[in-house]
Every structure is written in structure tokens, then in C-alpha cells.
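Observations on the three-dimensional arrangement
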Amino acid sequence: MSNTSQITLLLNDELVTADLPPGLVALDFLRKHRQLTGSKEGCKEGDCGACTAIVGTLEGEDVNYQPMTSCLLPMGELHGKHLVSIEGLNMSQLSPVQAAMVDCGGTQCGYCTPGFIVAMTAGLMDPGLPLDAKGCERAISGNLCRCTGYRSIKQAGADAIRTLSPMLAGKPRIEALCQANALPDSFRTVATKLKSIKNDSPSSPSFSPPFVAGGTDLYVQQGETLPEKPVQLLNRKPPLEPQFFDGALRLDARMSFEAFARHPLVQEAIPEILSYNDQIASWPIRTRATLAGNICNASPIADLTCLLLALEAELILQGPDGQRAVPLNRFYLGYKKLAKRAEEIVSHISFPKPDPDTKVHWEKVSKRRVLDIATVNAAIKIKVVSNEIRDVHLALGGVAPIPLYLAKTSKFLRGKRLELPVVLQALELAQSEFDPISDVRGSGDYKRLLARQLLLANLTRLFPETLNSDRIHAALR
């Protein structure tokens, strides 16, 4: 039985149809099948950004563009989409981004340069990123360089934005970029070309692993063998929109980190989610990584899993025998062991909508401030009325074999006054709920200290008028 399927996509400015293994990554398609070698193979783990491409998805009458690392992007998911490599940005003259890289000396060996130019251009194409230095830094957050030291690259990005921003502000972004000679004119007709491609997405998934959603972990682990397998690509159809239902926010589990953080309903429930998002992976990884993938990978330090634990999340598992619900705090049976059968997928995630008196917070410590996995992370959901803790849920990552819900400590705090003696007792009780091991990210003792400090940070940042951090730290010396 053949492990290929017919895939039609717009590759740069050309409609292409090919019989390919659905699990083949776009990087290999570009370089080996199409001889488009501008996309470089660096780490092939999504970490260096040398292979960054831009993917356009038709949404109504418009095309939404996002950067993605092509080394983790299965071709089967690109049917009916626009795949843009560095070659697809080339014109008879240099674009303002390319010209700025030349003028600022932003390249030496040149290996990373295509990825930087693609990422900067993607940042300009996304109206959600500000047209300033901060926006440029977000755009290139997934790109590494080992030659220039980044100053000249960041200067190139700032110069390109300064040149283009007067022409882009307040205008439809793609059309404005074409008018400014920052994108080829072919981008004007992309929507029409994508509409001509027949949609052949399956109406329902086949419950036969291996399942691939974002692939940001699976392709790192099995990237050489997945193209040979009959993978089930869960993202061939777009995720459903979040909605409030029976007092809970219901999410499609295939939702990406970036879509999660940007959605207004999520921001209503978690006001600081955008600031948390900047500490979780890079932009091209966040456009791929999914909520269910973060949960099912079962890493003890999974960032959004820790937050969802504190939010009292519930999972809907779907399989050949139907659906069933599992609370997230009962999903982990041991290290990398899940309360899920191999043929089941996580289809939805829901958590109660926090009321006006409920506050949510998340903290993380890692060796690098951004673009790094956590050493320890901590999350809290707490409701305090008249200085009484009416409800609270605490979670920790990095201190146990599983993402840890602090059941005993959460129960102890309910009904107590929010005051220093109670907090100190809670911190002591929390220490009894885990026994961290030493690893490359820190010793067990160090993780215990971090866990205590992050739990404190959650409380003192939410209630600075009630809990004086100096008094608490003095009591802990």
C-alpha cells in the first residue's frame, strides 16, 4: 500500500501538485524535491530558524500568514496552502529587509541569513506584531546566528521597520507591502489561486497512531522515520474557535500556543497570557505547537500544562468508542504514562471561566529568560473575598515526574485568611508534596528553593497590598 497522497499547494508563485508522503517535512521537499536550497538545514529540531518558511492559510477572503520552521512541518498539512521560502521573496531588486541586511552588515557566513529575512518579513506581514524594535525582536525570536552577535541584524530589522512603517500603518498589510516593494506582486493573487484548489481534508480522524498535530516534539524524536509511516495529520482542518459553554471556556485541543494567547476569550480569562507567551518557545514554534501536544508529551515542565492544571482544566478524549472526560489533574499516571489509550486523541480542553474575584498567575525560571524549557514553573488560580481565600488551585512543574497539582496545599488554603502565617504554613506543606531529583537544570535542593520562591511570587504579585514580600523573605531566612 502506497504511503503517498496527492498534495496541491501554492509554492511561492507556482501551483504545484505532487504525490508525497504526508509526513515528509517541508524542508526536505524544498531542498530535495524542488532544489530550493535557500532554506538551510541547521538543527532540524526547530531551534535555529535557518529553515524558516512562511505559510499562508485562506481564511474567508483573506490569507493569514505565519512563520514556521519547515523542518517540523509535514507536507500533508500544506494541501491548499501557500508555502513561501526565501526564493518566494526575491524580486528584481532587493526588498527593504534584504537591503537593510546588506547595508547593516547583518550577514557573515550567510547560513542563517535566509531564515532571518523570512522571519523579519513574516513579522511585517502580521498586523498583530508592532512596527517597532519590540516587534522585530519577536519576529526573529526563533533565529540563531553564530557570527554577527545580533547587533547588526537587529539594526537591520529596525531600519527596515523605520523605512516601511509609514507605508504600512493603518493599511491592509499584504497590499501595502506589495506597494512598498517589500513583497512580490504575486502575493496580490494568492487568495484567488488558493480558492482554485479542491479541499480534500477528511471529515473525521482515523483513530490509528501515529498522530501528528504540531509535531514540534514528535518530529524532533522521530523525524527520520515519520515520513515512512502512515501518519494521521490532525491539523489538515483548521481548529474550531474557542467558545464559552456552560460557564467554561471550551478549546479545540489542536489550537496552537500563538492562537491561544492571541484569542480575546483566552485573554479575558487569563489577562497576562500575552506576556507569558513571550517566555514560551519562539514565534515559529508557537505557531505550530498545540495545547494537546504540550499535554500529551507529558513533560514535567510543560509550560501551558502547568497553567492549565491551575485552571482546573478537563480533557475530552475521543476514540473509536466515543468520547470521555478526564480531569487534567488525573491524566498523568507516572512519568510519560497517561490515562489515554493509544488510539485516543485529546479533542477538546475546557476550564471554568474565572469570575471577577478570581485571579490567575504563572511564573517560570529557566537558564535563559526566553526560548528555553523551564527549570521550575508555577501557576495559581485564586479567589479572595474580604481577605478570605474562597478557592485556590496551585500547580508546579519541574519538581516531580509529572506536571504536579498541589492538592493538599490547595485544600489547606481554602477558607483561610490571606496573611503571612497562613502563607508560611502553606509553603511548608507544599514542600511535602514533591521530591525533586537533580538533573542538568539544577539540583533537587535548588528546585525546592525555586518552587518555594515561585509560589511566593504568584501570591505577592497578585496581592502586593496584603502580602509584603520583604516581611515574607525575612521570615524565611
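Located above this text is the structure these notes cover.
Described below are features of the structure shown in this document.

Rules and cut-offs
- Residues numbered from 1 in each chain as written.
- Predicted model: local features only at pLDDT ≥ 70, side-chain atom pairs only at ≥ 80, totals over all residues.
- Heavy atoms only, no water.
- Pairing = 2+ DSSP bridges.
- Helix = DSSP H or I, 4+ residues; strand = E, 2+ residues; numbered from the N terminus.
- Axes fitted to C-alpha atoms, helices over the stretch in contact; angles between N-to-C directions.
- Core = buried A, V, L, I, M, F, W, Y, C linked by side-chain atoms within 4.5 Å.
- Buried < 20%, exposed > 50% of the residue type's maximum accessible area, 1.4 Å probe, protein only.
- Contact = heavy atoms within 4.5 Å.
- Salt bridge = Lys/Arg side-chain N within 4 Å of Asp/Glu carboxyl O.
- Phe/Tyr/Trp six-rings, centres within 6.5 Å; stacked < 30°, edge-to-face > 60°.
- Lys NZ or Arg CZ within 6 Å of the ring centre and 35° of its normal.
- Polar contact = N/O pair within 3.5 Å; in protein donor to acceptor, adjacent residues only side chain to side chain.

1. Describing the sheet that holds strand β8 (residues 243–245)
Across a sheet, strands are paired by hydrogen bonds formed along the backbone, either parallel or antiparallel in direction. Ordered by their spatial adjacency, five strands build an open sheet running β8-β9-β14-β10-β11, and the pairing between neighbours is antiparallel. With one partner strand each, in any of the chains shown, β8 and β11 (322–327) form the two edges of the open sheet. Within this sheet the neighbouring strands show an average axis-to-axis angle of 30 degrees, counted without direction. Direction of pairing for strand β9 (residues 248–252) relative to strand β14 (residues 345–352): antiparallel, over a ladder of five bridges. What sits directly across from A248, in β14, is P352.

2. Thoughts on the nonpolar core
The biggest cluster of nonpolar side chains holds 53 residues, and the ones touching the most others in it are F260, I270, L307, L328, F331 and F351. Here I270 is in contact with F260, Y276, L307, L311, F351 and V360, once residues within four sequence places are set aside. Grouped together as the second largest cluster of nonpolar side chains are 44 residues, I54, A100, F187 and W283 included.

3. Observations concerning the sheet that holds strand β2 (residues 14–20)
Taken together, the five strands give an open sheet; going across it, the order is β2-β1-β5-β3-β4, and neighbouring strands pair in mixed fashion. In this open sheet, the two edge strands, each paired with only one partner strand, are β2 and β4 (62–69). Each strand of the sheet is rotated relative to its neighbour by a mean of 35 degrees, with strand direction disregarded. Packing against the sheet, helix α1 (residues 26–33) makes contact with β1 (5–11), β2 and β5 (82–84), and its axis sits at approximately 105 degrees to β2.

4. Overview of the environment of S469
Mapped onto the elements of the fold, S469 is located in helix α18 (residues 469–476). In the structure, S469 is positioned 10 residues away from L459 in sequence and 9.3 Å away in space, judged by C-alpha atoms.

5. Re unusual backbone geometry
Residue P210 follows P209 across a cis peptide bond; omega there is 10 degrees. With respect to the helices, strands and loops of the structure, P210 is situated in the loop between α7 (190–195) and β6 (211–212). Of note, N12 is a non-glycine position whose phi angle comes to about 55 degrees, a positive value. A relative accessible area of 11% means that N12 is categorised as buried. Its identity as a non-glycine residue notwithstanding, K336 has a phi of 60 degrees, on the positive side. Counting through the fold element by element, K336 comes out in the loop between β12 (332–334) and β13 (337–338).

6. Considerations on the pattern of salt bridges
The full count for this structure, using the stated rule, is 27 salt bridges. In this structure, the salt-bridge partner of R138 is D278, at a minimum N-O distance of 3.7 Å. Placement of R138 in helix α4 (residues 133–139) and of D278 in the loop between α11 (273–277) and α12 (283–286) is noted, with a sequence separation of 140 residues between them. Owing to a relative accessible area of 29%, R138 belongs among the partly exposed residues under this scheme. Assessed through its relative accessible area of 23%, D278 is described here as partly exposed. A salt bridge links K353 to E268, with the shortest nitrogen-to-oxygen separation between them at 3.1 Å. Taken together, the residues K353 in the loop between β14 and β15 (358–365) and E268 in helix α10 (residues 264–269) connect sequence positions 85 residues apart. A residue is classified by how much of its surface remains accessible, and E268, at 46% relative accessible area, is partly exposed. It is possible to trace a salt-bridge network through shared partners that takes in D126, E258, R262 and R286.

7. Observations regarding the packing of aromatic side chains
Taken as a whole and judged by the stated rule, the model has four aromatic pairs. Measuring from ring centre to ring centre gives 5.4 Å for F331 and Y332, while their planes differ by 75 degrees; the resulting arrangement is edge-to-face. The ring of F244 has K353 lying over it, and the distance from NZ or CZ to the ring centre is 4.6 Å. Above the ring of F412, the side-chain terminus of K416 is found at 4.3 Å from the ring centroid.

8. Regarding the environment of G135
For G135, the position within the fold is in helix α4. G135 sits in the buried class, given a relative accessible area of 4%. C-alpha separation for the pair G135 and N181, spaced 46 residues apart in sequence, amounts to 20 Å. If we ignore the near neighbours within four places in the chain, the residues touching G135 are L129 and P130.

9. Description of the pairing of strand β3 (residues 52–59)
Pairing analysis gives eight bridges linking β3 to β4, with the strands arranged antiparallel. Bridging from a neighbouring strand, G56 pairs with Y65 of β4. The loop that links β3 with its antiparallel partner β4 comprises two residues; one of these, G60, has a positive phi angle of about 70 degrees. Strand direction decides the pairing type here: β3 and β5, joined by three bridges, are antiparallel. Its bridge partner being in β5, I54 is matched across the sheet by V84.

10. Quick word on the side chain of K381
If you trace the backbone, K381 turns up in strand β16 (residues 376–385). Polar contacts involving the side chain of K381 include one to the side chain of E312, which spans 2.5 Å. Every residue in contact with K381, bar those within four places of it in the chain, is listed here: A310, L311, E312, P352, T358, K359, V360, D391, V392 and H393.

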